[in-house]
Amino acid sequence: MLNKDFWKKVNKSTVIRCIIILGGAAVFILVLVLVLHLFGAIPDSEPDEKVSVTQKEDQHGAEKLLPKLNFTVDLLTPNKFSRPQLALKEVNAVVVHYTANPGADAKDNRDYFNNLPRINEDRKTPTFASSHFVIGLEGNIIQCIPLSEMAYASNDRNSDTVAIECCHPKKNGKFTNATYEALIELLTYACIRFELDPQTQIIRHYDVTGKMCPKYYVKHEDKWEKLKQDVEERVEKTKKALEG
């Protein structure tokens, strides 16, 4: 029969081999990750920079030409109140909002969304809110949520819409000319990217819930119709330029 010393030697030998194998595997995985990251197979952390988009994949995965759009990416930190990271599997409309916060700019509103985990600590009823984009008083655009994720903005339509919040200087909710022009550009981009009809698939928060949002464009129906017409004309003009 084999004595106890034999088994002790076998056990020690086996343990040493396992440690060597596991150590080697860990080193190999680390090197592989570094190589993949170096060559771009693994993306960097979320950017905070100005980007210009001219070409993207549509929601069906096909590559298409898109109009130039300048905006700043400043994504919210993932959290359950404003960026739950739930997949946005399809886009059937774009919902236009106003911030209802006169004088506050895009960064102010973006930071409010990002700080909701801390703000909600002192609230009995927590607030859930965010938007894919916020347009500032001078027309600057900040992206807060990736277009592959849902935003908490449009109630029952969160699951199939892109949300745009627009800043405004006064209580009446009217956008500045710069905000309006940036909104037209962003809506044009969205309509082309997601193949949306400006007349039927650009909607207001009001059209979803009856909420007075965006206030000025609910009270002035003619201005809302003009906005959609401006987008429709811009879409047609932009498509011709891209094809040409």
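Residues numbered from 1 in each chain as written. Predicted model: local features only at pLDDT ≥ 70, side-chain atom pairs only at ≥ 80, totals over all residues. Heavy atoms only, no water.

### Structural notes on helix α2 (residues 106–114)
Part 1: Buried within α2 we find Ala106, Asn109, Arg110, Phe113 and Asn114. Buried residues in α2, looked at end-on, bunch into an arc of 145°, giving them a common side. (Buried < 20%, exposed > 50% of the residue type's maximum accessible area, 1.4 Å probe, protein only. Helix = DSSP H or I, 4+ residues; strand = E, 2+ residues; numbered from the N terminus. Arc of directions from axis to C-beta.)

### With respect to the pairing of strand β3 (residues 93–98)
Part 1: For β3, a buried count of six out of six residues is recorded, marking the element as mostly surrounded by other parts of the structure.
Part 2: The side-chain alternation of β3 yields two buried faces, one formed by Ala93, Val95 and His97 and the other by Val94, Val96 and Tyr98.
Part 3: Looking at chain direction, β3 and strand β6 (residues 161–166) are connected through six bridges and run parallel. Note that in β6 the partner of Val94 across the bridge is Val162. (Pairing = 2+ DSSP bridges.)

### Quick word on unusual backbone geometry
Part 1: Along the chain, Cys213 connects to Pro214 via a cis peptide bond; the corresponding omega equals -5°.
Part 2: Although it is not a glycine, Gln85 adopts a positive phi angle of roughly 60°.
Part 3: Note on placement: Gln85 falls in the loop between β2 (63–74) and β3.
Part 4: Relative accessible area serves as the criterion here: at 44%, Gln85 is assigned to the partly exposed category.
Part 5: Of note in the backbone geometry, Asn155 takes a positive phi value of approximately 55° without being a glycine.

### As for the pairing of β6
The side chains of a regular strand alternate, first on one face of the sheet and then on the other.
Part 1: With six of its six residues buried, β6 lies for the most part within the structure.
Part 2: Neither face of β6 is exposed, since Thr161, Ala163 and Glu165 on one face and Val162, Ile164 and Cys166 on the opposite face are all buried.
Part 3: In this sheet, β6 lies alongside strand β4 (residues 133–135) in parallel orientation, the contact comprising three bridges. What sits directly across from Val134, in β6, is Glu165.

### As for the environment of Pro117
Part 1: Within the secondary structure layout, Pro117 lies in helix α3 (residues 116–119).
Part 2: For Pro117, a relative accessible area of 28% corresponds to the partly exposed category.
Part 3: Sequence spacing of Pro117 and Phe81 is 36 residues, and the spatial spacing of their C-alpha atoms is 6.4 Å.
Part 4: Not counting the four nearest positions on each side in its chain, Pro117 is found in contact with Asn79 and Phe81. (Contact = heavy atoms within 4.5 Å.)

### A word on the packing of helix α4 (residues 177–194) against helix α8 (residues 221–243)
Part 1: Interhelical geometry of α4 versus α8 gives an angle of 55° and a closest axis separation of 9 Å. One way to sum up the angle between α4 and α8 is to call them oblique. For α4 against α8, the interelement crossing comes out right-handed. For the pair α4 and α8, the contacting residues are Tyr180, Glu181, Leu183, Ile184, Glu185, Leu187, Thr188, Cys191 and Ile192 in the first and Lys226, Leu227, Asp230, Val231, Arg234, Val235, Thr238 and Lys239 in the second.
Part 2: Taken together, the residues of the contact of α4 with α8 break down into nine nonpolar, two polar and six charged. (Axes fitted to C-alpha atoms, helices over the stretch in contact; angles between N-to-C directions. Parallel < 35°, antiparallel > 145°, perpendicular 65-115°, else oblique. Left-handed = near helix turned anticlockwise from the far one by under 90°. Nonpolar A, V, L, I, M, F, W, Y, C, P; charged D, E, K, R; others polar.)

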